[in-house]
Structure formats: C-alpha cells, structure tokens
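One-letter residues, chain by chain:
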Protein chains: 2
Amino acid sequence: MPDVIPENSVGLITPKVQHFDTPLTLRSGRVLEQYDLIYETYGELNADRSNAVLICHALSGDHHAAGYHSMDDKKPGWWDTCIGPGKPIDTNKFFVVSLNNLGGCSGSTGPVSINPETGKAYGPDFPIMAVRDWVNSQARLADVLGIDVWAAVVGGSLGGMQVLRWSIQFPERLKHAVVIASAPKLSAQNIAFNEVARQAIAKDPDFHDGWYQEKGTLPKAGLMQARMLGHLTYLSDDAMRQKFGRELREGKLNFSFAPEFQVESYLHYQGEKFSTRFDANTYMLMTKALDYFDPARDHDNDLRKCLSQAKCRFLVVSFTTDWRFAPARSEEIVNALIHADKDVSYACIESDNGHDAFLLPIPRYLDIFHAYMEGVAARSFGGKS
Amino acid sequence: MPDVIPENSVGLITPKVQHFDTPLTLRSGRVLEQYDLIYETYGELNADRSNAVLICHALSGDHHAAGYHSMDDKKPGWWDTCIGPGKPIDTNKFFVVSLNNLGGCSGSTGPVSINPETGKAYGPDFPIMAVRDWVNSQARLADVLGIDVWAAVVGGSLGGMQVLRWSIQFPERLKHAVVIASAPKLSAQNIAFNEVARQAIAKDPDFHDGWYQEKGTLPKAGLMQARMLGHLTYLSDDAMRQKFGRELREGKLNFSFAPEFQVESYLHYQGEKFSTRFDANTYMLMTKALDYFDPARDHDNDLRKCLSQAKCRFLVVSFTTDWRFAPARSEEIVNALIHADKDVSYACIESDNGHDAFLLPIPRYLDIFHAYMEGVAARSFGGKS
C-alpha cells in the first residue's frame, strides 16, 4: 500500500535531520541556543544550485510533502498532488526542500523535544514562534544546503504567509514567491476561531497548562475539538452539503446526543485521528503564529510599502469557496503588489472545496500552477535542470 | 437603571406561570405528563381576541422579550427594540404573548426542573424536544388564553422555525407568519457547528453526562466555549473587523496564550457571562431541535408541498451578512411559498451585523417590520385594538 509506487511519485523518501548550534534570536526576544530541523528533498540540485524550491507548510503540515516513507504507507505526503515528476512542482526540473517548522511535532525541535537546559521536554516552555522566526531558520537550512537563491518559495495558507515573509525578509534570496490560499494577516474572525480552538485545548483537564507529557496524560478531547472546529472551517458550506447533506447515520433520528448525522461522525473521525497524531502545544503555537502574522504592521500598516521591499515575481492563488482565507484576502496582496509595481500573476480558482482546495487536484489549479512553475524554471535555469 | 422607564417601553412586567396536566406526546415518542410554561404578555387582548401575537424565541432566548422585571434591571427584554408602544410589534394595538419553551432554563419545565417521577431534577433525562413539540405546547397555552387564532406568530432564527411549523401544523390558527433570519432546515455546516459546541459541553469533566446538578458541579468551561463559538458565528466577518480589527489589549504582542487581541477578550467575556446564566442541558437540547428541524422531510423533501398546507400570509426577512442563516436560506422559503401560491413579502436587509442583526435597531428593518405589522393589524381587526 501502495503496491507499486506510482510513476509520477517522488518514490521512497528518507527524511534528514540538520542540527544547528548557532543561537537563533526569536521575535519574542527569546533565544533558541540549538535546534534540529527535519527535512526532505525531492529531485536533484543542479550544478549552479539555481533550481531549488522551498516548500513552507501550513498549521498541521510537516516535512513529508511528497512520496512515501515506506511501502506500508497508506498515503503519500500531504502535497503529493503538486510535487513529483511532471507535476506542477516538477521534480524532473526542481530540487525541492520541505521541512518541519520549529515548534512542530514531526521531528524538528518543538514542545515535545528535550530542552537541553532542563533535560525535560520543553512542553509549554517552548517559545512562541513568529513567521519570521521560521523564515530565519529556513534561511539557515538553505545556507547548509548551499542554496543562496531559491528559484521559488512556495506555500499555502500559513505556508503562504511564510512565503510573503521570505519576499521581504530576504529579497535577494528568492526569484519567485507562490502564495496560495493565504492572507496578509488574519481577520478578527480568524483570530476568534483560533482562540476558541485554543480554549478547547487549554480547558481540557488533561492539558495541565501544557505539561501533559510530564503528567503522562494527553489532552485528546481538547485537541479533537480544536480539529473538528478547524476542519469545519476548511470546508465550504457547499462542499459539506454535497458530501453529507443531512444524511443520517442510521437513516432515522435517535433523539440522543450521540452523533446522528453523517457530518457529525465525519468530524468526530477527523478529530479523533488528528488527536492521536498531533501535539497540543504545537497546535497552540502554530495558531499563535497565524494570529501574529501582520508584516505591514512595521510599515505603517501599509501593505504596499511592506511588499515594495520584495524583488521576486509573485503568483497568488485563491479559491472561490474558501471562506477562511477568502479570495478578497488574496486580492489585498495582489492589489498591494500592483501598487508596489511588482510582477504578480493571480488566479482565483473555481472550486467547491473551501480552504482545503489548495491540497486537491483541481484541473485549472494544477494547470496554472504547472504553467507558472515552467516559467520559474525557464527564468531561473533555462528550464532544464 | 433604568432611572425612568422609557415611554416606548412596555414597562414593568411580571411573568406568569401556567401549569398543564394533560400529557404531551413528543416527537421522540416520549410523553411529558405535566409541565409548566412561563410567559409574559404585553398590551391588551381585544374583545374579539383577534389582536394576539405570539413571539417564538431562539436558542438562548426566553419569555422576557420586552420591558423590565424591576427598576434594577440593567437591560430590557431581548427584543425590546421590536416590541412596545409605537414599535414594530406595537403594544398599543397588539396583545403580545412571549413564553419560555419547554426544555428551557428560565422557568418553563426543563432539565433543571424536578421530575415528578423521581423527585430529582430531570437533567439529561429531560426529553429531547422537536420544534413541533414546542408548537404543540404553545397551542395549548393559546387555548388557555382563549386565543383561537393568532393575528401573527413571529420569530427570528430558531424562533422563525417555530413560526414555519405553526403555519403548517395549525394552519387555521394564525393569520400571519413572520419568519426572520431563519432557514427551512440546517445545512451540514450548521449542524457541524452545533456538534462542536455540544462536544465542548459534553467533554467538560464537570458535565458528568448531564448530571452536574446532582454532582454539585457546573460545566462552565464547556458552556463558555460553546457560547464563544456560537457568538462568533452570529457576527459577520465585517462586523468583527469594524468592532475589533486586530486591536491588542495592551497595545503589544505578549507572546503568551492569554487573550491578547480585543476580539479574544470580548469572546471570553461573552462566554463567561453566558456560562453563569444558562443551563448546559438546555443548550444541548436547543441545538438538537435546530438540527432536527426539517418540515419538508415528511413531504418528499419538497418544501413547496410542505408549505402548501399553510393558510396564512408570510413576511420573510433576512440580513445581508448573516452567514449562519444566509439570505439564500430565507429565499428557499420565499421561493417555496411563491411556488405554493402563498402571499409572501420578503425583505433582505443591508446590515454589517451578521445573524445578530435581527435583534438590532436597523432602520429599514424596523420600518419594514412596522409597516407589515400595521397591515397585520388592519387585516386582523381593522387596525385599532
């Protein structure tokens, strides 16, 4: 499972871990003295190191974006639809780097890692990260890999925020920025959803203010609720109507509080699955990074002024039924880029799938993305790696 | 507080309680052997009993829709903007009846009431109610009050669903139905939000499967989360942007998990306030009644066929930024009514206030509502009570 690795897959992948012992000063003022980043690469770095693409992950993502870790894997990496031979991020052309961000729970240093100062897991003592901290740590990984300039930095949702930050923080170090289903900052409504999710975790008695590892517990119920709510906001009303409608699990009302409608069972299943694989402190951290992101704040709240520092070309993509990061939010970015006289392509993709669309094989999306990346290849290294 | 009762208020009001000892068979098949309904009335019933208006409340509403219970009240009833002398539901003309629904926690029989069979509070043993059960109990209250025919039955949100049910369950007993910010049935997304809220309550360790009264606890955290989520969905993205934007409580990021953004504090405050006044089992019940409501189900899922039973005239009102019960949902009702050859007036009111708009003094809303109710008065009793 897969019985055979599909031809357009990057195949079996082994993650690598890079240790860093140069202290990293964070946006919060705190310092990470040393840390690990886990990452994967797909494709080959060309001789002049001009074909590298960085993938930035979203809230619950990790380094495993494409391919399989073993023949027992039921599913490939989270963005396998877009990364592989012949796919939009074509690994016949590009050398792709995908890492787990600091604060994550998939192998990079985060709350579940041992704090060398105490010999215990960081837990809630792990510093709250800002998007710029991730970008700084990603730049250090680029240094180690010998990548001075990315052909492209690419990400969806929270990943797109990292891309935007790259474009203004290291303008000389990327040629293209691909910002998908993202926003220049969260709205009050977005923040409110995040806070409700955090409260679900924080109020779980098994959370113990984040010290659940020490206590030998897991805030499963809280994490499950947070995910149910998150998942709900990733789907569109239309998608849910098509997928579940008002179908009943047992064909009739039970007049009980157990899940009766299919949509309830589905959310329970999603929440349950997530709560066994994801770390609650990481979830808290990631949502805070989302809330904090607001690069225009340092530029008189003027996004045009902020993005005028960028030197790369941009592709911005949104999806019609994404109400978490609606097309209008992408258009704020596009408008600011045009006002800042930047080269920006924009596609708003028709889709019923809400925010989740950026992970799905929607023909126009894949086509536009593929075509743009061919331009990236042509401009960065003449198209052939 | 108020120092003086405003002139357009119904003034000081004393609720009444009506006991019923005729068993009520519920949609679930269970039977309530006896029960109380608490209600208030505003205005005077005219000689031929033709000027009565029934108010149906929404999820967290109660019988106290207008006026004050004492001079110490900080706020009047929940729909004081719309009920009073000279207001849309003009108490100089109409005799208004407003009750707390069965299963409520404000004085009508519900989970906090004593179950005569056990001598203990019903708690989670209180039967799950359907909208039709409420309508049946409201019809019995009408019988007691000597009201054969309502001039109008009026409600917003879940209240609007009761109005729709009235129109098909007792078509001879109302002349007008006013359905505000409502829907013919919940969408999968609506159900999903309700389920996340219920889970927040159910997973609170102080909930004890609903037996918290017996255990001497209160599932405050769960109820608070449920309300934070609910409240969030009552507001529009725009309203939250205007009200809070990304304002920080202390003017700067704290890099902590305590509420930092104003919108977080606001939601905490709303959740906290609600969790001290509302009963968790009632909240569970009310959301289930919402989920279950689907009157077309008994009519081949054909809303036109369902509503063709109605004999009254209709006013349907929606609000542009209401995404919980969007205008499109009201328009489903309107379309079905037109297809069923019913007399229906429809207004979609421009407002930034999301679902909450139906409680707010929006000029066009009050004006349309007032004008329609003048027509109700003219048609029902010649306009003068």
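Keep in mind that this is a model prediction, so the values were computed, not measured. (Residues numbered from 1 in each chain as written. Chains lettered and ligands numbered in written order. Predicted model: local features only at pLDDT ≥ 70, side-chain atom pairs only at ≥ 80, totals over all residues. Heavy atoms only, no water.)

Let's talk about the environment of B:Thr287
All names here are of chain B.
Right, so step 1: On the secondary structure map, Thr-287 appears in helix 8 (residues 280-292).
Right, so step 2: Residues in contact with Thr-287, not counting those within four places in the same chain, are Leu-59, Asn-194 and Arg-198.
Right, so step 3: Side-chain polar atoms of Thr-287 contact the side chain of Arg-198, separated by 2.9 Å. (Helix = DSSP H or I, 4+ residues; strand = E, 2+ residues; numbered from the N terminus. Contact = heavy atoms within 4.5 Å. Polar contact = N/O pair within 3.5 Å; in protein donor to acceptor, adjacent residues only side chain to side chain.)

Focus: the UniProt feature "site: Important for acyl-CoA specificity" (unreviewed entry) in chain A
Residue and element names in this part refer to chain A.
Right, so step 1: UniProt tags Arg-324 as "site: Important for acyl-CoA specificity" (unreviewed entry).
Right, so step 2: Relative to the elements of secondary structure, Arg-324 occurs in the loop between strand 13 (313-319) and helix 10 (327-339).
Right, so step 3: Using a relative accessible area of 11% as the deciding quantity, one classes Arg-324 as buried.
Right, so step 4: Apart from the residues within four sequence positions on either side, Arg-324 is in contact with Leu-59, Asn-190, Asn-194, Gly-230, Thr-233, Tyr-234, Leu-290 and His-355. (UniProt positions renumbered as here; feature names shortened; annotations may be inferred. Buried < 20%, exposed > 50% of the residue type's maximum accessible area, 1.4 Å probe, protein only.)

A short note on the pattern of salt bridges
Right, so step 1: Considering all chains together, one arrives at 36 salt bridges over all chains under this definition.
Right, so step 2: Residues A:Arg246 and B:Asp294 are paired through a salt bridge, measuring 3.3 Å at the closest nitrogen-oxygen approach. Remark: B:Asp294 occurs in the loop between helix 8 and helix 9 (303-307) and A:Arg246 occurs in the loop between helix 6 (237-243) and helix 7 (262-277); the pair is interchain, linking two chains. Assigned by exposure class, A:Arg246 and B:Asp294 land together as buried.
Right, so step 3: In this structure, A:Glu260 and B:Lys288 form a salt bridge, with 2.7 Å as the shortest nitrogen-oxygen distance. Of this pair, A:Glu260 sits in the loop between helix 6 and helix 7 while B:Lys288 sits in helix 8, each in a different chain.
Right, so step 4: By relative accessible area, which is 0% here, B:Lys288 ends up buried.
Right, so step 5: Linked through salt bridges whose partners overlap, the residues forming this network are A:Glu195, A:Arg198, A:Asp291 and B:Glu264. (Salt bridge = Lys/Arg side-chain N within 4 Å of Asp/Glu carboxyl O.)

Overview of the domain arrangement of chain A
Residue and element names in this part refer to chain A.
Right, so step 1: Partitioning chain A into structural domains gives domain 1 (16-185 + 293-381) and domain 2 (190-287).
Right, so step 2: Here domain 1 and domain 2 share an interface that buries about 2,500 Å² over both sides, 58% of which is from carbon and sulfur atoms.
Right, so step 3: Of all residues in domain 1, Leu-59, Trp-323 and Arg-324 give up the largest surface area on contact with domain 2, accounting jointly for 27% of the area buried on that side.
Right, so step 4: Where domain 1 meets domain 2, there are 1 salt bridge.
Right, so step 5: Measuring nitrogen to oxygen at the nearest pair gives 2.8 Å for the salt bridge that ties Glu-214 to Lys-120.
Right, so step 6: On inspection of domain 1 and its partner domain 2, the count reaches 10 residue pairs in polar contact (both at pLDDT 80 or more).
Right, so step 7: Across the side of domain 1 that touches domain 2, the residue classes break down as 16 nonpolar, 10 polar and 7 charged. (Domains from an automatic or database assignment. Buried area = accessible area lost by both parts, 1.4 Å probe. Nonpolar A, V, L, I, M, F, W, Y, C, P; charged D, E, K, R; others polar.)

Concerning the side chain of A:Asp73
Residues and elements named next belong to chain A.
Right, so step 1: Within the secondary structure, Asp-73 is located in the loop between strand 5 (52-56) and strand 6 (83-84).
Right, so step 2: The buried charged residue Asp-73 lacks any salt bridge partner; its closest oppositely charged side chain belongs to Lys-74, at an N-O distance of 9.8 Å.
Right, so step 3: Within the structure, the side chain of Asp-73 is placed 2.6 Å from the backbone nitrogen of His-69, a separation counted as a polar contact. (Lys, Arg positive; Asp, Glu negative; His and termini not counted.)

Digging into the packing of aromatic side chains
Right, so step 1: Here the structure, examined in full by the defined rule, presents 38 aromatic pairs over all chains.
Right, so step 2: The interplanar angle of 15 degrees and the centroid separation of 5.0 Å between the aromatic rings of A:Phe20 and A:Tyr35 together place this pair among those described as stacked. Of the two residues, A:Phe20 sits in strand 1 (residues 16-20) while A:Tyr35 sits in strand 4 (residues 35-42), which places them 15 residues apart along the sequence. Accessibility classification places A:Phe20 together with A:Tyr35 in one group, the buried group.
Right, so step 3: Ring geometry for B:Tyr122 and B:Phe126: centres 4.9 Å apart, planes at 85 degrees, overall edge-to-face. With respect to burial, B:Tyr122 and B:Phe126 carry one shared label: buried.
Right, so step 4: A connected cluster of aromatic rings, assembled from ring pairs, spans A:Trp78, A:Trp79, A:Phe319, A:Phe358, A:Tyr365 and A:Phe369.
Right, so step 5: In this structure, A:Arg227 is placed above the aromatic ring of A:Phe274, and the distance from its NZ or CZ to the ring centre is 4.2 Å. (Phe/Tyr/Trp six-rings, centres within 6.5 Å; stacked < 30°, edge-to-face > 60°. Lys NZ or Arg CZ within 6 Å of the ring centre and 35° of its normal.)

Re the sheet that holds strand 13 of chain A
All names here are of chain A.
Right, so step 1: Taking strand neighbours across the sheet as the criterion, the 8 strands line up as 1-4-8-5-11-12-13-14 in an open arrangement whose pairing is mixed. Since the sheet does not close on itself, it has two edges, and those belong to strand 1 and strand 14 (344-349), each with one partner. Taking the axes of each pair of neighbouring strands and ignoring which way they run, one obtains an average angle of 20 degrees across the sheet.
Right, so step 2: Strands in contact with helix 1 (residues 131-145) are strand 1, strand 4, strand 5 and strand 8 (95-99); relative to strand 4, the strand with the most contacts, it is inclined by about 60 degrees.
Right, so step 3: Its contacts with the sheet put helix 2 (residues 158-169) on strand 5, strand 11 (152-156), strand 12 (176-180) and strand 13, and the angle it makes with strand 11 is roughly 150 degrees. (Pairing = 2+ DSSP bridges. Axes fitted to C-alpha atoms, helices over the stretch in contact; angles between N-to-C directions.)

Description of the pairing of strand 4 of chain A
All names here are of chain A.
Right, so step 1: Across the 8 residues that make up strand 4, a large majority, 7, are buried.
Right, so step 2: Alignment of strand 1 against strand 4, held across 5 bridges, turns out to be antiparallel. Among the inter-strand pairings, Phe-20 is bridged to a residue of strand 4, identified as Tyr-35.
Right, so step 3: Where strand 4 and strand 8 come together, 4 bridges link them in antiparallel fashion.

A short note on the sheet that holds strand 5 (residues 52-56) of chain B
Residue and element names in this part refer to chain B.
Right, so step 1: With mixed pairing, the 8 strands of this open sheet are ordered in space as 1-4-8-5-11-12-13-14. Strand pairing shows two members of the sheet lacking a second neighbour, strand 1 (16-20) and strand 14 (344-349), which therefore form its edges. Taking each pair of neighbouring strands and ignoring which way they run, the sheet shows an average axis angle of 20 degrees.
Right, so step 2: Pairing geometry for strand 5 and strand 11 (residues 152-156), over 4 bridges, is parallel. Bridge pairing links Leu-54 to Val-153 in strand 11.

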